[in-house]
Amino acid sequence: MSFSEHFLWGGATAANQYEGAWDEGGKGLSTSDVMTNGSHTVPRRITWVKPATGETGSTDLSTLSCRGLPEGVEPAIVAGECYPSHTATDFYHHYAEDIALMGEMGFKAFRLSINWARIFPNGDDEEPNEEGLAFYDAVFDECAKYGIEPLVTLSHYETPLNLAVRYGGWADRRLIGFFERYAKTVMKRYLGKVRYYLTFNEINLMSMMPFMAGGVTDAAPQVRAQAAHHQFVASALTVKAAHELSPELRIGQMLAYSPVYPYSADPADDLLAMERAHDALWYADVQTGGSYPAYRLKQMERDGVALEMEPGDEDLLARYPADFLSFSCYGGSTVSVRQRELEAGSGNLALGIVRNPCLATNAWGWATDPYCLRLALNTLYDRYHKPLWVVENGIGWSDVREPDGSVHDDYRIDYLRQNIQSMKDAVDLDGVDLMGYTMWGCIDLVSAGTGEMRKRYGFVYVDRDDKGEGTLERSRKDSFYWYKKVIATNGEDLS
């Protein structure tokens, strides 16, 4: 067989897109709670209030990522706006039903995130919220009934809102201490129930969307670099604490990574592809490799970034890198120095890419790339020589539920078949050390990029629409039964 008997098949979710119950169980506000819905053509927005005047307004994510928030405003909930995270698809009240469905499919692993503001409502609290801790106890106990291994992300696109308002998010070094307290609290509480943790989801999104990645409201290059450094230090301290707590605990990095293809044989296109790949890889060079690469330090110098480090930071990064590297990969990106002459690419994080004529795309611009996982796995394994875990891979589609409740999603099966085969080839033909595969959005949830419900990923359909209406009833899609067979045969039967 291609995969070992311990290979961890499963699915992945995030609290801000799935959990709901935004104001229940003692939970505080998080940055995701002030993000509106959007669409493929209309960006999501951050709503705010100006305390001095009471004026309210909003800033779209792209503007926020380039210029930051207007002066004198604070992110806040504004009446009359739609916030998808507030209910999402309500895992908070459906966790037993949903985990039973995962058990029916044969899941070996379930990637989920803990909502930091459910444990420490303000982020800087001295004591945790017991009701929040008890909720995740119940979730992990339910997983144990079905032999499902939890893979827990500690920070997945949501930072306690108080930390963004009061401190400017991860731009402030004090967040290292707040996160360390949170991580230690969680790891001690769930010792024996959770063995695998990821610190920051897609940490390299700090470069593109600092508010989502860390509650950062100032878009200056200096601030982004400093915020990322603080997360690196916090991650290293989490690895240190985990190793001191138990030899069973493993802490991984989570990177958004895709192969970058040159559009043509022009060497300038190839050089551009290398530079774009470096935009993501330098984060892994630090968090998994243990040090800042020379090419990134040179880039910081050109950008006028003077990174502030405290004594011991570099030693900490070197001594406590991530134990394994996990990553998201949905398809490759194609770039060219002749970008303005070519058709632009689309889909999430499509800025600066061109459409690849060799790949078919869907309504959201997502391409089915049959080689992306093999290429990504080889690049990352050759570079870091550490175990890998594909923790996000999938395709969003506007699924249609038939009157009898069925959903025929052959397009999803075709996409997953090609991607799992690519992953198998990396293991079989190239000898990559792969821990597991957790398909993204295994039960329908809100799209992070667009804030939509109709952009669905899951094996299970949830009756919820873009307006937040619906019964929340769960229905098995055709892909549910296909993936069940894949797991039962340990990836051997992809027919």
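From a predicted model like this one, the values you see are computed outputs, not experimental measurements.

Student: Please set out the nonpolar core residue by residue, giving values where relevant.
Tutor: In terms of nonpolar packing, the biggest core is built from 135 residues, with Trp9, Trp170, Tyr197, Phe327, Met423, Tyr437 and Tyr483 touching the most fellow members. In terms of residue count, helix α9 (residues 221-245) provides more of this core than any other element does, 12 residues in total. Each residue touching Trp9, except ones within four places of it in the same chain, is listed here: Phe3, Phe107, Lys108, Ala109, Ile420, Met423, Tyr437, Tyr483, Val486, Ile487, Asn490 and Gly491.

Student: Run through the pattern of salt bridges, naming residues and quoting values.
Tutor: Inspection of the entire model under this criterion finds 36 salt bridges. A salt bridge links Glu310 to Arg173; its shortest N-O distance comes to 3.3 Å. Placement of the pair is Glu310 in the loop between α11 (294-303) and α12 (313-319) and Arg173 in the loop between α6 (161-167) and α7 (174-189), with a sequence separation of 137 residues. When its relative accessible area of 44% is taken as the criterion, Glu310 is described as partly exposed. Accessibility expressed as a relative area gives 23% for Arg173, which makes it partly exposed.

Student: Summarise the sheet that holds strand β1 (residues 8-12); cite the residues concerned and give the values.
Tutor: Pairing between the strands of a sheet comes from backbone hydrogen bonds, and it takes one of two forms, parallel or antiparallel. Ordered in space as β1-β5-β6-β7-β8-β10-β12-β13, the eight strands form a closed barrel in which the pairing is parallel. Across the sheet, the mean angle separating the axes of adjacent strands is 25 degrees when strand polarity is ignored. Of the strand pairs in this sheet, strand β6 (residues 149-155) and strand β7 (residues 196-200) are connected by four bridges, and their pairing is parallel. Residue pairing in the sheet places Thr153 in a bridge with Leu198 of β7.

Student: Describe unusual backbone geometry, and please don't skip the residues or the numbers.
Tutor: What is expected of a backbone is that most residues other than glycine have negative phi and most peptide bonds are trans. Phi is positive for Ala21, close to 50 degrees, though the residue is something other than glycine. Checked against the element boundaries, Ala21 lands in the loop between α1 (15-18) and β2 (45-50). One non-glycine residue, Asn490, lies in positive phi territory at about 55 degrees. Assignment of secondary structure puts Asn490 in the segment after α15 (478-488). By relative accessible area, which is 11% here, Asn490 ends up buried.

Student: Which residues make up the pairing of strand β3 (residues 55-60), and what are the values?
Tutor: Note: β2 against β3, six bridges, orientation antiparallel. Bridging from a neighbouring strand, Thr47 pairs with Ser58 of β3. Following β2, the chain reverses through four residues before pairing antiparallel with β3; Gly54 in that reversal takes a positive phi of roughly 80 degrees.

Student: An account of α15 is needed here, citing residue identities and associated values.
Tutor: An α-helical turn contains 3.6 residues, so any two residues separated by three or four positions project in the same direction. All of the buried residues along α15 are Ser479, Phe480, Trp482, Tyr483, Val486 and Ile487. For α15, the angular spread of buried residues about the axis comes to 165 degrees, placing them on one side. Summarising the contacts, the buried residues of α15 are in contact with β1, α3 (91-105), α14 (410-428), β13 (434-440), β14 (460-462) and β15 (474-476). A positive backbone phi angle near 55 degrees is found at Asn490, which sits one or two residues after α15.

Student: Describe helix α5 (residues 130-145), and please don't skip the residues or the numbers.
Tutor: When the terminal C-alpha atoms of α5 are compared, their 23 Å separation across 16 residues agrees well with the 22 Å that a helix rising 1.5 Å per residue should span. All of the buried residues in α5 are Gly132, Leu133, Phe135, Tyr136, Asp137, Val139, Phe140, Glu142 and Cys143. Buried residues in α5 make contact with α3, β5 (109-113), α4 (116-119), β6 and α7. Positive backbone phi, at 70 degrees, marks Gly147, one or two positions downstream of α5.

Student: Please give an account of the state of the cysteines that cites residues and values.
Tutor: By the definition in use, this model includes zero disulfides. Its sulfur unpaired, Cys329 is 3.9 Å from the next cysteine sulfur, which belongs to Cys372.

Student: Residue-level account of the packing of aromatic side chains, with values.
Tutor: The final tally for this structure, using the stated rule, is 34 aromatic pairs. Residues Tyr196 and Trp389 carry aromatic rings whose centres are separated by 5.5 Å and whose planes lie at 85 degrees to one another, so their mutual orientation is edge-to-face. Of this pair, Tyr196 sits in strand β7 while Trp389 sits in strand β12 (residues 388-392), and the two are 193 residues apart along the sequence. Ring pairing ties together the aromatic residues Phe3, Phe7, Trp9, Phe107, Tyr437, Phe459 and Tyr483, which thus form one cluster. The ring of Tyr461 has Arg456 sitting right over it, with the charged end atom 4.0 Å from the ring centre.

Student: Tell me about the sheet that holds β3, residues and numbers included.
Tutor: The sheet built from three strands is open, its strands ordered β3-β2-β4 with antiparallel pairing. For this open sheet the edge positions go to β3 and β4 (74-75), each flanked by a neighbour on one side alone.

Student: Break down the side chain of Gln226 for me, citing the residues and quoting the values.
Tutor: By the element assignment, Gln226 lies in helix α9. Given a relative accessible area of 7%, Gln226 falls into the buried group. Excluding residues within four positions of it along the chain, Gln226 makes contact with Trp170, Ala171, Ala306, Leu307 and Glu308.

Student: Tell me about the packing of α3 against α15, and name the residues and values.
Tutor: Where α3 contacts α15, the axes come no closer than 8 Å and their chain directions differ by 55 degrees. Considered as vectors, α3 and α15 are oriented oblique to each other. Here α3 contributes Leu101, Glu104 and Met105 to the contact with α15, which in turn contributes Phe480, Tyr483, Lys484 and Ile487. Residue classes in the contact of α3 with α15 are distributed as five nonpolar, no polar and two charged.

Student: Summarise empty space enclosed by the protein; cite the residues concerned and give the values.
Tutor: Counted by the stated rule, this structure contains five cavities of 30 Å³ or more. One number sums up the size of the largest cavity: a volume of about 50 Å³. In terms of lining, the largest cavity is formed by Ala15, Asn16, Glu19, Gly20, Trp22, Lys27, Ser30, Ser32, Asp33, Ser85, Asn115 and Glu158. Among the residues forming the lining of the largest cavity, the class breakdown is two nonpolar, six polar and four charged.

Student: Which residues make up the side chain of Ser30, and what values go with them?
Tutor: As for its position among the elements, Ser30 is in the loop between α1 and β2. The class of Ser30 is buried, set by a relative accessible area of 1%. At 2.9 Å, the side chain of Ser30 forms a polar contact with the side chain of Ser32. Every residue in contact with Ser30, bar those within four places of it in the chain, is listed here: Asn115, Ala117, Glu158, Thr159, Pro160 and Leu161.

Reading the values: rules and limits
Residues numbered from 1 in each chain as written. Predicted model: local features only at pLDDT ≥ 70, side-chain atom pairs only at ≥ 80, totals over all residues. Heavy atoms only, no water. Core = buried A, V, L, I, M, F, W, Y, C linked by side-chain atoms within 4.5 Å. Buried < 20%, exposed > 50% of the residue type's maximum accessible area, 1.4 Å probe, protein only. Helix = DSSP H or I, 4+ residues; strand = E, 2+ residues; numbered from the N terminus. Contact = heavy atoms within 4.5 Å. Salt bridge = Lys/Arg side-chain N within 4 Å of Asp/Glu carboxyl O. Pairing = 2+ DSSP bridges. Axes fitted to C-alpha atoms, helices over the stretch in contact; angles between N-to-C directions. Arc of directions from axis to C-beta. Expected span 1.5 Å × (residues − 1). Disulfide = S-S within 2.5 Å. Phe/Tyr/Trp six-rings, centres within 6.5 Å; stacked < 30°, edge-to-face > 60°. Lys NZ or Arg CZ within 6 Å of the ring centre and 35° of its normal. Parallel < 35°, antiparallel > 145°, perpendicular 65-115°, else oblique. Nonpolar A, V, L, I, M, F, W, Y, C, P; charged D, E, K, R; others polar. 1 Å grid on protein atoms, 1.4 Å probe; cavity = no way out; pocket = protein on both sides within 12 Å on 5 of 7 lines; lining within 4 Å. Points joined across faces, edges and corners; volume = space filled by probe spheres on them. Polar contact = N/O pair within 3.5 Å; in protein donor to acceptor, adjacent residues only side chain to side chain.

Geometric values such as these leave the question of function open.
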